[in-house]
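One letter stands for each residue in the lines below.
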Amino acid sequence: MAKLSRIDLQRMKKDGKAVAWVTAYDFPTAQFAEKAGMDMLLVGDSLGMCVYGYEGTIPVTVDQAIMHCEAVRRAAPNTFVIGDMPFLSYQTTNADAVLNAGRFYKEAMVDAVKLEGGIRVCGQIKAIADAGMLIMGHIGLTPQSSGQLGGFKAQGTTADAAISLIRDAEAIQEAGAFSLLVEAVPPEVCRIIRDRLDIPVYSIGAGKYADGQLMICADMLGIFKAFTPKFVKRYADLGDQVVDAFETYVKDVKEVSFPTEAHSYNMISGELEKLNQLLKD
Ligand code: KIV
């Protein structure tokens, strides 16, 4: 299948066709996702927790994020790949935002980048869009500023908070973003945002009234279990399967029931006898 473009994504919104996307941080996962027909892949800074074991996303660096984007790009050449801009790679100045977004483009050949925040990052969104790059906004629960939000909590649950999210969404579109991700927000609020915006509005934990759904691969596959948000649906329990497999392997090795002949190479016929003779001489 050919890689989707911004125009395709826009058309899918118009036609009411949902976009399915997940995060991917490594070559095998991205390969599986492309094979499964995923529309887009996000190399999220959630890799800080899911791959590196950090408590949050704050320590992730641009170099780390780009290295993972490169692996995903190689594995999924026909899938729309989005690089997630880490904390302090864009908040400082518009120039930093453009240069760091440009690194994702030049070094990892991503199709778009994403950053977190509303009105307060619209200068950066405009600067990145003006430099010719596709930039996705991200509002609601924004993990990089979860301290200010009081933790990993649902957002937009009061009328005032919802109005402020709607204003953020409109400003992000106005600044030139090609799409918007809404995280951990009630479905009714996401629906209003989707209906008011011309650009595609995607949901992660923001209900079904969106132009598509994102899930964290490690959550949906049962790999990351430190905490599981309410909006996660688990499609597999790979973590448990891996532990089972490792336990069986340990047992096999200890009991010398692995390896067997089936896992061993044969000497060419007659060579063992020759070897034994050579050892005697
Ligand atoms: O880093 C990430 O995976 C994200 C999602 C939480 C939306 O930004």
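Residues numbered from 1 in each chain as written. Predicted model: local features only at pLDDT ≥ 70, side-chain atom pairs only at ≥ 80, totals over all residues. Heavy atoms only, no water.

**What to know about the domain arrangement of the protein chain**
Consideration 1: When cut into domains, the protein chain gives domain 1 (6-236) and domain 2 (241-280).
Consideration 2: Of note, the centres of domain 1 and domain 2, computed from C-alpha atoms alone, are 48 Å apart. (Domains from an automatic or database assignment.)

**Remarks on the packing of aromatic side chains**
Consideration 1: This model, assessed by the stated rule, comprises six aromatic pairs.
Consideration 2: Look at F80 and F178: their rings are 5.9 Å apart centre to centre, the planes differ by 45 degrees, and that puts the pair in the tilted class. Here F178 lies in the loop between helix 8 (159-175) and strand 6 (179-183) and F80 lies in strand 3 (residues 80-84), a separation of 98 residues in the sequence. Each member of the pair, F80 as well as F178, carries the same accessibility label: buried. (Phe/Tyr/Trp six-rings, centres within 6.5 Å; stacked < 30°, edge-to-face > 60°. Helix = DSSP H or I, 4+ residues; strand = E, 2+ residues; numbered from the N terminus. Buried < 20%, exposed > 50% of the residue type's maximum accessible area, 1.4 Å probe, protein only.)

**A look at the site of the ligand**
Consideration 1: Looking at the ligand, the residues that line it are T23, L42, G44, D45, S46, D84, K114, H138, L181, E183, L214 and I216.
Consideration 2: Contact distances for the ligand include 2.9 Å between an oxygen atom and a side-chain N or O atom of K114.
Consideration 3: Surface burial for the ligand is 96%, taken as the share of its 260 Å² of free accessible area covered by protein chains.
Consideration 4: Looking at the shell around the ligand, its residues break down into four nonpolar, four polar and four charged. (Near = heavy atom within 4 Å. Polar contact = N/O pair within 3.5 Å; in protein donor to acceptor, adjacent residues only side chain to side chain. Areas by Shrake-Rupley, 256 points an atom, 1.4 Å probe, with all protein chains shown as cover. Nonpolar A, V, L, I, M, F, W, Y, C, P; charged D, E, K, R; others polar.)

**What about the pairing of strand 6?**
Consideration 1: With respect to burial, strand 6 is a largely interior element, five of its five residues being buried.
Consideration 2: Where burial is concerned, the two faces of strand 6 agree: the one with S179, L181 and E183 and the one with L180 and V182 are both buried.
Consideration 3: Here strand 5 (residues 135-140) pairs with strand 6 via five bridges, running parallel. Across the sheet, G140 pairs through a bridge with E183, a residue of strand 6.
Consideration 4: Once the chain exits strand 6 it traverses helix 9 (residues 187-196) before rejoining the sheet at strand 7 (residues 201-204), and the crossover so formed is right-handed. (Pairing = 2+ DSSP bridges. Right-handed = clockwise from strand over helix to strand, strands pointing away.)

**Re helix 1 (residues 6-15)**
Consideration 1: Looking only at helix 1, the buried set comprises L9, M12 and K13. Along helix 1, the residues classed as buried sweep out an arc of 100 degrees about the axis, all on the same side. Among the exposed residues of helix 1, those pointing more than 90 degrees away from its buried face are I7 and K14.
Consideration 2: Elements that come into contact with the buried residues of helix 1 comprise strand 1 (19-23), strand 2 (40-43), strand 3, helix 9 and strand 7.
Consideration 3: One or two positions beyond helix 1, positive phi appears at G16, with a value near 70 degrees. (Arc of directions from axis to C-beta. Contact = heavy atoms within 4.5 Å.)

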